[in-house]
Amino acid sequence: MNQRELHRPVSGLNLLKRLDDGTSDPVRMVIDTLDAIRNLDPQILAITAVLDEARAVTAAQAARGPLRGMPVVVKDVFDTYDMPTAYGSPIYNGHRPVSDAAIVTMLRRLGAVVIGKAATCEFAYMNPTSTRNPADPTRTAGGSSSGSAAAVAAGMTPFAIGTQTGGSTIRPASYCGVAGFKPSLGLLPTVGLKYFAWSIDTVGLFAAGVRDVAFLAQALTDRPLAVEDDTLRPRFGVPETYPWGAPSTATSQSMDTAIRAIEQAGGSVHQVRLDPWMKQLLEVHETLQSYEAFRALGFEYDNHRELLSPVLRRFLERATAVTSHDYQTATHFLAHAREQSREVFQHVDVLLTPSATDEAPDGFASTGDSSFNRNWTLLGNPCVNVPGMYGPRRGPIGMQVIGRLGDDIRCLAAAVFVEDALKTYHEKL
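Reading guide: rules and limits
Residues numbered from 1 in each chain as written. Predicted model: local features only at pLDDT ≥ 70, side-chain atom pairs only at ≥ 80, totals over all residues. Heavy atoms only, no water. Buried < 20%, exposed > 50% of the residue type's maximum accessible area, 1.4 Å probe, protein only. Helix = DSSP H or I, 4+ residues; strand = E, 2+ residues; numbered from the N terminus. Pairing = 2+ DSSP bridges. Axes fitted to C-alpha atoms, helices over the stretch in contact; angles between N-to-C directions. Parallel < 35°, antiparallel > 145°, perpendicular 65-115°, else oblique. Left-handed = near helix turned anticlockwise from the far one by under 90°. Contact = heavy atoms within 4.5 Å. Core = buried A, V, L, I, M, F, W, Y, C linked by side-chain atoms within 4.5 Å.

A. Just the pairing of strand 13 (residues 396–402), in detail. In terms of residue burial, strand 13 counts as a mostly covered element, since 7 of its 7 residues are buried. Relative to strand 13, strand 11 (residues 350–354) is paired through 4 bridges, and the arrangement is antiparallel. Residue pairing across strands places Leu 352 opposite Val 401, the latter belonging to strand 13.

Next comes the structure, spelled out in structure tokens:
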């Protein structure tokens, strides 16, 4: 199976249209999904557990609601009562929770068929998974939501659920060439998630395109997040410089292309200056994450240290040095930064930055660089990866649209605008 055959995301909205016009039905969709997983996952390695076919068909037959039978894959850091939940760690091999995480219950109530669990880095940290990138199987799919992004990119499922503590939704979405949405902090529940850093961990969503992921977000939140038209003409803010580091030449060129496409489509682009404290946020993120992870994974560290990966064990060993005073200082800094961050959006609707520093790295030794994501996760802003561009080595490069905290509606609408603008721009070439 060649590279192009592996990268074929399927629009959930198109599948719903097929349900509406009678050309498909929930049982057929579930069986097709199970077949796709059987045929494709041996090459991608994105799925860690699959729902028994009889259970899946029964769930599809009973499905009602806005997601009426739609298959969804869930990152294996969320508890599921009917499938194993290992959190990416050998400590929990064969673990069977007795209840579902809140987001899983919400999906089932909306009529979705939670059909499988997606590979995750160990406890959603940085130890790479074996998951391959459907856009190029010689490269990483990112982390820690590697399986969720790859399963959508390969067309195994129209929707997937992930998480983000640093860049674990936006970066894999960028690397795999699909839409990823990290909502405002707290918009989706984290009950039943194996926490890494409880004050930062955010539920993330994956789909083929931005309209698809906006529809899923609307279904899950019961808020008007779906985007049905393109009447908005957003004002985009583009940072003069990036305090956290520079993108690659290829990514900078993709950014220039996105700006041209936006302006040709009727949007406006304005330079904005990010204050120096933005660089300090990287240290604040490390302090908060370290302090909370050492406590969230206290049982595993104290009782099963030998089963932790070297990269996670070293991180937790360093985390022992972070004091409660360090944590309190970082928390106070973050509260002040969240107030100040509102000024960035004073004259623009959203910000536009690269989603990652470059195309996905070669090989599987690293999940990539999350420097373009961590600050926005910490600040709680909604972020969307917009797919549609490729670098010189044909790896996907995504654009990140960042909204005001709580303004998920405008963030998603602006991301749709970028997606449409890029499509029109490329069609004219």
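That was the structure; now back to the text.
B. Molecular detail of the packing of helix 10 (residues 277–296) against helix 13 (residues 324–341). Between helix 10 and helix 13, whose axes approach to 9 Å, the crossing angle comes to 135°. Considering their axes alone, helix 10 and helix 13 lie oblique with respect to each other. As for the relative orientation of helix 10 and helix 13, their crossing is left-handed in sense. For the pair helix 10 and helix 13, the contacting residues are Trp 277, Gln 280, Leu 281, Val 284, Thr 287, Leu 288, Tyr 291 and Glu 292 in the first and Ser 324, Asp 326, Tyr 327, Ala 330, Thr 331, Phe 333, Leu 334, Ala 337, Gln 340 and Ser 341 in the second.

C. Inspection of the nonpolar core at higher detail. By size, the foremost hydrophobic cluster in this structure holds 126 residues, and its most contacted members are Phe 78, Leu 107, Ile 161, Leu 205, Leu 220 and Leu 352. The element contributing the most residues to this core is helix 15 (residues 408–428), with 11 residues. Contact partners of Phe 78, with chain neighbours within four places excluded, come to Thr 85, Ala 101, Ile 103, Val 104, Lys 117, Ile 161, Gly 162, Thr 163, Gly 192, Leu 193 and Val 203. Counting 14 residues, the second largest nonpolar core, distinct from the first, contains Ala 86, Tyr 92, Leu 297 and Phe 315.

D. Layout of unusual backbone geometry. At the junction of Gly 143 and Ser 144, the peptide bond is cis and its omega measures out at 0° in the coordinates. Tracing the backbone through its elements, the reader meets Ser 144 in the loop between strand 5 (136–140) and helix 6 (146–153). A positive phi angle is found at Leu 45, which is not glycine, with a value near 60°. One non-glycine residue, Tyr 87, lies in positive phi territory at about 60°. In this fold, Tyr 87 is placed in the loop between strand 2 (71–75) and helix 5 (102–109). Given the relative accessible area of 6%, Tyr 87 is considered buried.

E. Representation of the sheet that holds strand 6 (residues 159–164) within the structure. Read from one edge to the other, the open sheet built from 11 strands follows the order 1-3-2-6-8-7-12-13-11-9-10, with strand pairing classed as mixed. Whereas interior strands pair on both sides, the edge strands pair on one side only; in this sheet they are strand 1 (47–50) and strand 10 (268–272). Taken pair by pair, the neighbouring strands of this sheet meet at an average axis angle of 30°, ignoring direction. Packed onto the sheet, helix 6 meets strand 1, strand 2, strand 3 (113–118), strand 6 and strand 8 (202–207) and runs at close to 155° relative to strand 6.

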